[in-house]
Amino acid sequence: MDRIHVMELVRSYQVGELTRREFLVKGGAAVGSMAAAGALLAACAEFPNEAPPPIVDQAAPATPPTAATPGFFAGTVSYDGPGGQTLSGYLAYSEEGPPKPAVVVIQEWWGLNEHIRDVARRFAAEGFAALAPDLYHGAVTTEPDEARKLAMELDTPAAVAEIEAAIAFLQGQPFVASPRVGVVGFCMGGGLVLQTALASEGMGAGVVFYGRPLSPAQAPGVRAPILTFIGTRDSIPVSGVEAMHAAFETAGLTHELQIIDGAQHAFFNDTRTGSYDAAAAADAWTRTLAWFKRHLILTGS
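The following paragraphs examine the structure supplied in this document. The structure presented is a predicted model; accordingly, all values stated were derived computationally and were not measured. (Residues numbered from 1 in each chain as written. Predicted model: local features only at pLDDT ≥ 70, side-chain atom pairs only at ≥ 80, totals over all residues. Heavy atoms only, no water.)

Our focus in this paragraph is the pattern of salt bridges. One pass over the full model with this rule turns up 8 salt bridges. Here Arg117 and Glu114 are joined by a salt bridge, their closest N and O atoms 3.1 Å apart. One end of the pair, Arg117, and the other, Glu114, are both in helix H4 (residues 114-125), 3 residues apart, so they sit about a helical turn from each other. For Arg117, a relative accessible area of 25% gives the class partly exposed. In this structure, the salt-bridge partner of Glu256 is Arg287, at a minimum N-O distance of 3.8 Å. Taken together, the residues span a long stretch of sequence, with Glu256 in strand E8 (residues 255-264) and Arg287 in helix H9 (residues 278-296) at a distance of 31 residues. In this structure Glu256 comes out as partly exposed when scored by relative accessible area, which is 23%. (Salt bridge = Lys/Arg side-chain N within 4 Å of Asp/Glu carboxyl O. Helix = DSSP H or I, 4+ residues; strand = E, 2+ residues; numbered from the N terminus. Buried < 20%, exposed > 50% of the residue type's maximum accessible area, 1.4 Å probe, protein only.)

Rendered as structure tokens:
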């Protein structure tokens, strides 16, 4: 199979240059069967087309404190993973003041890049301890084709196990106030938040930014309150997200859905001038902080 040719077909389908039928015919010829092409089409839906590679937006919010700021830690840490594996991630927190609520920040399909590290620092500046695990183990890209390849190669159960290891690491730190740890993710990371909510007993709350939703059959299995953000112009169908939240409601689970009129995929990412929506991002950030404070801080604190 010519991987370059196949990736070109995937990209053409996702930007609308090929119809579904055209993709199946051409993809079937490339991979050997219509069934295999259908599986590839399902993978395309799981990892929808993102905005173009990062472009720094000069109007984006100022970067919060860094490791150079007195009393503020921001840097790479190592911790134990499943099967004796050594994992790494980017940790940020204020070394001053009392113990803090903690969150795990899950990357987009680009990898653990500066934007995700900046989000971790933003949480730290708001009084949280934030850890962004490196799920690609060092790989970072700005190329959509390479990002798609990395995302499709990621083993979801293994990634969830690594997120659970990040939760366990935070739970064991003296600067963390509560065993309830939040998990927030973006695009691919948003879908992983939901998968972690199905598996983890240590997850105290989740926030999903434009992630692939669970099916209505899966949704009742989540173990944590879920807040979801999705734009009406997102490549992920709003109807699927609404169906997931309807299933949450039927199951009596704590949840909240914010549908943002006119917002595109990656509207929160302030390094992307094409899709970044400053007003929507600011509102989502305020709601995210409130959600985590409500569900992670122990009663009476």
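Read on, since the account is not over.
Bringing the nonpolar core into the picture now. Judged by nonpolar contacts, the single largest core of 86 residues is most densely connected at Val105, Phe123, Phe209, Phe267 and Phe292. When residues of this core are assigned to their parent elements, the largest contribution, 8 residues, is made by H9. Excluding anything up to four places from it in sequence, Phe267 contacts Phe209, Tyr210, Phe229, Ile260, Ser275, Tyr276, Asp277, Ala280, Ala281 and Ala284. (Core = buried A, V, L, I, M, F, W, Y, C linked by side-chain atoms within 4.5 Å. Contact = heavy atoms within 4.5 Å.)

Turning to the packing of aromatic side chains, a few remarks are in order. What the rule picks out here adds up to 16 aromatic pairs. Taken together, a centroid distance of 6.1 Å and an interplanar angle of 55° make the contact between Phe123 and Phe292 tilted. Of this pair, Phe123 sits in helix H4 while Phe292 sits in helix H9, and the two are 169 residues apart along the sequence. Phe292 shares its class with Phe123; the two are buried. Site record: aromatic cluster; members linked through ring pairs are Phe123, Phe128, Phe186, Phe209, Tyr210, Phe229, Phe267, Phe268, Trp285 and Phe292. Sitting above the plane of the Tyr90 ring, Arg117 keeps its charged end 6.0 Å from the centroid. Sitting above the plane of the Trp285 ring, Arg122 keeps its charged end 4.3 Å from the centroid. (Phe/Tyr/Trp six-rings, centres within 6.5 Å; stacked < 30°, edge-to-face > 60°. Lys NZ or Arg CZ within 6 Å of the ring centre and 35° of its normal.)

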